[in-house]
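A look at the structure
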Amino acid sequence: MKIFITGCWGARYLDWTRFGGKESYMEWTMAPSAMAIAAEIVISELTQNGHEAYWVGGCIRDELLGRPVHDMDITTSALPEEVIAIFARSVPTGLAHGTVTVIQDGCAFEVTTYRTESGYVDHRRPEHVFFVNDVKEDLRRRDFTINAICCGLNGELIDPFEGEKDLQLQVIRCVGDAEERFDEDALRMLRCIRFASVLDFSIAKNTWRGLMRQRDKLAHIAVERVRAELDRIVEGPHPLRGLGMLARCELLARGKAPFPWTGTDMAAAAALTAGIGELESARLRWALLLHALKQSAQEADVLLRAWTFSGTTRSGVVQVLRVREAWTAAIEAMPPGTGGMEGLRRQWIAAVLAFGVEAAEGWLSLLAILPAAAPALPAVVSPAASSAFSVVESTEASTTPAAVNVQAAREWIAQMPLTSLSELEITGNELVGALDKRPGPWLGKMLNGLLQAVASGDLPNDKQLLLLEAKRMDRHER
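What comes next is a walk through the structure. As a convention, each chain's residues are numbered from 1 in the sequence order in which they are written. Residue-level local features of this predicted model are given only where pLDDT is at least 70; pairs of side-chain atoms are given and counted only at 80 or more, and the full residue set underlies all totals for whole chains, interfaces and linings. Side-chain metrics in this entry use all non-hydrogen atoms of the structure; hydrogen atoms and water are not considered.

This next bit is on the overall build of the protein chain. Comment: elements are numbered from the N terminus, with helices defined as DSSP H or I runs of at least four residues and strands as E runs of at least two. The secondary structure content of the protein chain amounts to 21 helices and 14 strands. When accessible area is computed with a 1.4 Å probe and restricted to protein chains, residues below 20% of their type maximum are described as buried, those above 50% as exposed, and intermediate ones as partly exposed. In the protein chain, which comprises 478 residues, the share counted as buried stands at 50%. Sequence separation of 24 or more characterises 64% of the internal contacts of the protein chain that already satisfy a separation of 6 or more. Total accessible area on the protein chain is roughly 22200 Å²; 51% of this is exposed by carbon and sulfur atoms. Note on definitions: a residue-residue contact is assigned when non-hydrogen atoms from the two residues lie within 4.5 Å. Computed by Shrake-Rupley with a 1.4 Å probe, the accessible areas treat only the displayed protein chains as cover when residues are assessed.

Pairing of aromatic rings covers Phe, Tyr and Trp, the last counted by its six-membered ring, and requires centre-to-centre distances within 6.5 Å; plane angles under 30 degrees mean stacked, over 60 mean edge-to-face, and any other angle means tilted. Counted by the stated rule, this structure contains 6 aromatic pairs. Their ring planes at 70° and their centres at 5.2 Å tell us that Trp 28 and Trp 55 sit as a pair that is edge-to-face. Separated by 27 residues along the polypeptide, Trp 28 in the loop between β3 (22-27) and α1 (33-48) and Trp 55 in strand β4 (residues 53-56) bring together distant segments of the chain. For the pair Trp 28 and Trp 55, one class covers both residues: buried.

Pairing between strands requires that DSSP locate at least two bridges from one strand to the other. Across the sheet, 7 strands lie side by side as β6-β7-β8-β5-β4-β11-β12; this open sheet has mixed pairing. Pairing within the sheet leaves two strands with one partner each, and these edge strands are β6 (90-94) and β12 (157-158). Lying over the sheet, α1 contacts β4, β5 (73-76), β7 (99-104) and β8 (107-113), oriented at roughly 35° with respect to β8. What counts as an axis is a line fitted to C-alpha atoms, over the stretch in contact for a helix, and the angles between N-to-C directions run from 0 to 180 degrees. Relative to β4, helix α2 (residues 58-65) is tilted by about 60°, and along the sheet it contacts β4, β5, β11 (150-151) and β12.

Inspection of the secondary structure puts Ala 257 in the loop between α10 (239-249) and α11 (266-272). Looking at Ala 257, the relative accessible area reads 13%, which means it is buried. Put simply, Ala 257 and Ala 222 are 35 residues apart on the chain and 9.1 Å apart in space, counted from C-alpha to C-alpha.

Residues are said to line a cavity or pocket when one of their atoms sits within 4 Å of a point; the points come from a 1 Å grid over protein atoms alone, cavities being sets where a 1.4 Å probe fits but cannot get out and pockets being open sets with protein on both sides within 12 Å along at least five of seven lines. Grid points are joined across faces, edges and corners, and a volume is the space filled by probe spheres set on the points. Under the criterion given, the structure shown has 2 cavities of 30 Å³ or more. Around the largest cavity sit Leu 218, Ile 221, Val 223, Val 226, Leu 252, Gly 255, Lys 256, Ala 257 and Trp 307, which together line it. We call Asp, Glu, Lys and Arg charged. Ala, Val, Leu, Ile, Met, Phe, Trp, Tyr, Cys and Pro are nonpolar, and the rest, Gly among them, are polar. A per-class count over the lining of the largest cavity returns 7 nonpolar, 1 polar and 1 charged.

Our focus in this paragraph is unusual backbone geometry. One non-glycine residue, Asp 105, lies in the positive phi region at around 50°. Along the chain, the position of Asp 105 falls in the loop between β7 and β8. For Asp 105, a relative accessible area of 58% gives the class exposed. Residue Gln 170 is not a glycine yet carries a positive backbone phi of 60°.

Note that Ser 420 resides in the loop between α18 (401-415) and α19 (428-435). On the basis of relative accessibility, which here comes to 25%, the residue Ser 420 falls in the partly exposed class. In the structure, Ser 420 is positioned 63 residues away from Val 357 in sequence and 9.4 Å away in space, judged by C-alpha atoms. Aside from chain neighbours lying at most four places away, what touches Ser 420 is Leu 353 and Leu 451. The definition of a polar contact used here is a pair of N or O atoms within 3.5 Å, where within protein one atom must be able to donate a hydrogen and the other to accept one, and adjacent residues in sequence count solely through side-chain atom pairs. Side-chain polar atoms of Ser 420 contact the side chain of Ser 422, separated by 2.9 Å.

As a further point, take the pattern of salt bridges. Any carboxyl oxygen of Asp or Glu that lies within 4 Å of a side-chain nitrogen of Lys or Arg is treated as forming a salt bridge with it. Counting across every chain of the model gives 29 salt bridges. With its nearest N and O atoms 2.9 Å apart, the salt bridge here joins Arg 213 to Glu 179. Separated by 34 residues along the polypeptide, Arg 213 in helix α8 (residues 205-214) and Glu 179 in helix α6 (residues 178-184) bring together distant segments of the chain. Overlapping salt bridges bring together Arg 115, Glu 117, Asp 138, Arg 141 and Arg 142 as one network.

Mapped onto the secondary structure, Gln 295 falls in the loop between α12 (282-292) and α13 (297-306). Residue classification places Gln 295 among the buried positions, given a relative accessible area of 13%. Not counting residues up to four positions away in its chain, the partners in contact with Gln 295 are Pro 260, Leu 290, Ala 300, Leu 303, Leu 321 and Arg 324.

Written out as structure tokens, the structure reads:
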């Protein structure tokens, strides 16, 4: 049997084939076949034991939109203990809320009993859960119409709140009264913006109005949950859309750890983030966002800690901003004439050695997409830098000061014979022995001086020559 469905994505068919002698399962087009077949077995077992069971929520939404389906949730009239009795491999992951995780053919499915909720605690968790027999009552408690659709083995969509229509209209709309939905669970306000951003949808007027009236309730939500939603906005396919909505509603300023994406400077900040979608790396998107907010590396570190970012992400973002600060200081200190460019080259190499090639390349990626990214370079450049400019003279667009700066800096990195102490052809122990001195602060200073000299092209990376230079440096210090 084929079920004909129409939508804003155009006409398409959901193909149903025979399973167990009955017309019983859909040939999903956007889900892994193994997961789809395993889910069909779970639903079939439930229905064969006298219960109702449906696919529900995001898997139906994404299949209708032609987006990849990564997981499948199942809703059922069976009570949790009845689900456990049917499936040998099941885990009671949330019995208080009616959820049992069923393991079928290596795939995990959350199977949840039809329920209604009331008395939400801290605008997040329901205090009372009541199991019901009507799937429409279960759909009524859900957040948005596009997530309140279910589908059974017979291929019929159960869609009492016209979620399919809203998919066609490309709109995010709350189920029922928006103020009530956001009051029940304040995190839904960020989920609303996240869905609109990721799907490139608009938000229904009444839903937006309800969000604005309830936005202060975000203060009840844990920072970790807020950050998880913001991550998905910033790292999604349409980050500017989500960031624009967040700026207009000033929602982030109302959280437990306020994020400064608000205020009078938002127009300038928004202009600086115009190219954020061009950045593939989440780390660079966050670095650009914090750069646009005029956050120093130290301020960014404090903010990212408060927002519970992982140490790896936080360190990566902060290092990019430290490179930015070194680059900006070098640009501002440039005198006119031939010495200016050479000084910039040396300070850039020092920044690369201090903060790493990855962070330096990251800052250059940001610099390349920023409007008016860098001040003009001096009219006269040194011979050491001239090769860096020759490759950017082919087009008018690439000969802007910003393009020249970025290309020059990339060339300087490529020309560095080494980028870390581990590559230096002399060790600290060898220096201690050759100079007959006890280890101390002098050793790190000398190693870094030798590293800078080799990286800048002043000295070959040769052990004997490095030792001679070390002895000269030691005599000079005396």
